[in-house]
Amino acid sequence: MNLRKLLYPFSFPYGVIAALRNWAFNKDILPSQEFEVPVISVGNLSAGGTGKTPMVEFLIRRFSDYKIGLVSRGYGRKTKGLILAKPEHTFSEIGDEPFQIYHKFPEICLALAEKRPEGIQSLIDNCSPDLILLDDAYQHRYVKPGFQILLTTFQEPFYHDLLLPAGNLREYTSGKKRADVIVVTKCPANLTPAKAKEMMQKIKPGDRSVYFTTISYGEPQNVKGEKLGTKKVIAVTGIAKPQPFLNQIGKSLTIQKHLKFADHHSFSAKEIADIEKMVSTTGAPIITTEKDWVRLKSLLNAETLEHIFYLPMQVQFLFDQEQDFTKKISGYLQGV
């Protein structure tokens, strides 16, 4: 039995508060600010683990002709307030996921801000972007995006979830009506059209298009770009839902041990020392996620770092839907 379901009575007051808040925004009692620059929001109804970062990276790649600004809260950072990211900032200062994106795409402008309107205005004032992406901002309604992308996972779709604290929903599923498109993420690569149709019927998207994506993984590589030369590995994860990652590496590698940490985990000096000792004593390389790797690479010694491999990943659309998805976004951008 899922013990969280015992918390169901507490979900009712949470839902009432969330519904009243949304009602206040819908009636303009609480203000939503619009901007002249196109703003695209990527978010979800559930807390964590829906694949927002891969989707943001997909948008950056696909719309690279635009000068892109990104606004993120920078979850897990040790700083507060508005920050415009610079190359010298560490992951602890701007958050692991924004750090990953910024160093993968140094051409973008990145603002860290709890208050999204401040972040957007700062980008406009300092970078003059053609397009602004909002990361994890579906419930941050003080900004009214021009286009909203709602994500939900294949494994835990929002229609099977409960409100916090009994489940992971941040608001009632009726919040899907604010979305322009809905994307089902982390689907199996062999998803059948029949299963996709069944999910669409349960999502009840109305006139919104629903897209299905999977994760395309590259070959494991280390800081030198070298490939993995052995089949026996130690897995290290600090993400919300590591099982898809473990399933993927388990297809070709033998996982001798799995060190599982919480999402956005801040590694202690002892944990880093333990990892370094494990590598030196066992001789087994460590394989981790790209998000964890960007944190670990600045903490581990140079010798150990060569034995840490990460798995690159990208969003891949199923059923040849990518062109239609990008066409919808292009239509919005051209109409602004």
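Remember, predicted model here, so these are calculated numbers, not experimental data.

Colleague: Looking at this model, I keep getting lost on the overall build of the protein chain. Mind explaining?
Modeller: Helix and strand counts for the protein chain come out as 11 helices and 13 strands. Rg of the C-alpha trace for the protein chain: 20 Å, near the compact-globule value of 20 Å for 336 residues, within the 12% margin. Each principal axis of the C-alpha atoms in the protein chain carries an extent, and together these give about 60 × 50 × 40 Å. For the protein chain, the proportion of its 336 residues judged to be buried stands at 51%.

Colleague: Would you mind going over the pattern of salt bridges with me for this structure?
Modeller: Where charged atoms from two side chains of opposite charge approach closely, those side chains can pair. For the coordinates displayed, the defined rule picks out 17 salt bridges. For Arg295, the salt bridge goes to Asp96, with nearest N and O atoms at 3.4 Å. Taken as a pair, Arg295 in helix H9 (residues 290–296) and Asp96 in helix H4 (residues 96–104) lie far apart in primary sequence, 199 residues in all. For the residue pair Arg295 and Asp96, the accessibility class agrees, reading buried in each case. A cluster of three or more residues bridged by salt bridges with shared partners is formed by Glu57, Arg61, Lys104 and Glu290.

Colleague: For this particular structure, what's the right way to read the sheet that holds strand S13 (residues 313–317)?
Modeller: Across a sheet, paired strands are connected by hydrogen bonds in the backbone, their directions being either parallel or antiparallel. Within the open sheet, the 9 strands sit side by side as S3-S4-S2-S5-S1-S6-S7-S8-S13. Their pairing is mixed. The outermost strands of the open sheet, each flanked by one partner alone, are strand S3 (83–84) and S13. Sheet topology note: the strand S7 (residues 181–185)/strand S8 (residues 209–217) ladder contains 4 bridges and is parallel. Paired with Val181 across the bridge in S8 is Ser209. Helix-sheet contacts for helix H2 (residues 52–62) involve strand S1 (39–44), strand S2 (68–72), strand S5 (131–135), strand S6 (147–153), S7 and S13, and the interaxial angle to S13 is about 75 degrees.

Colleague: Looking at this structure, I do not really get the sheet that holds strand S9 (residues 232–237). What am I missing?
Modeller: The strand order across the open sheet built from 4 strands is S10-S9-S11-S12, with neighbouring strands paired in parallel fashion. Only two strands of the sheet have a single neighbouring strand rather than two, namely strand S10 (254–260) and strand S12 (308–311). Each strand of the sheet is rotated relative to its neighbour by a mean of 30 degrees, with strand direction disregarded. As paired elements, S9 and S10 share 6 bridges and run parallel to each other. Bridge pairing links Ala235 to His258 in S10.

Colleague: Would you explain the packing of H2 against H4 in this entry?
Modeller: When two helices pack together, their arrangement is given by the angle between their axes and by how far apart the axes lie. H4 packs onto H2 with a crossing angle of 20 degrees between their chain directions and a minimal axis gap of 11 Å. In terms of orientation, H2 and H4 fall into the roughly parallel class. When the axes of H2 and H4 are compared, the crossing they make is right-handed. Here Thr53, Val56, Glu57, Ile60 and Arg61 of H2 lie close against H4, whose contacting residues are Glu97, Gln100, Ile101 and Lys104.

Colleague: What is the right way to look at a nonpolar patch on the surface in this model?
Modeller: A cluster of nonpolar residues, Phe12, Val16, Leu20 and Tyr172, forms a patch on the protein surface that exposes about 400 Å² of accessible area. Tracing the backbone through its elements, the reader meets Val16 in helix H1 (residues 8–26). Look at Val16 and you get partly exposed, because its relative accessible area is 32%.

The rules behind the values
- Residues numbered from 1 in each chain as written.
- Predicted model: local features only at pLDDT ≥ 70, side-chain atom pairs only at ≥ 80, totals over all residues.
- Heavy atoms only, no water.
- Helix = DSSP H or I, 4+ residues; strand = E, 2+ residues; numbered from the N terminus.
- Rg over C-alpha atoms; globule rule 2.2 N^0.38 Å.
- Buried < 20%, exposed > 50% of the residue type's maximum accessible area, 1.4 Å probe, protein only.
- Salt bridge = Lys/Arg side-chain N within 4 Å of Asp/Glu carboxyl O.
- Pairing = 2+ DSSP bridges.
- Contact = heavy atoms within 4.5 Å.
- Axes fitted to C-alpha atoms, helices over the stretch in contact; angles between N-to-C directions.
- Parallel < 35°, antiparallel > 145°, perpendicular 65-115°, else oblique.
- Left-handed = near helix turned anticlockwise from the far one by under 90°.
- Patch = residues over 30% accessible without salt bridge, like charges linked within 9 Å, V, L, I, M, F, W, Y side chains within 5 Å.
- Areas by Shrake-Rupley, 256 points an atom, 1.4 Å probe, with all protein chains shown as cover.

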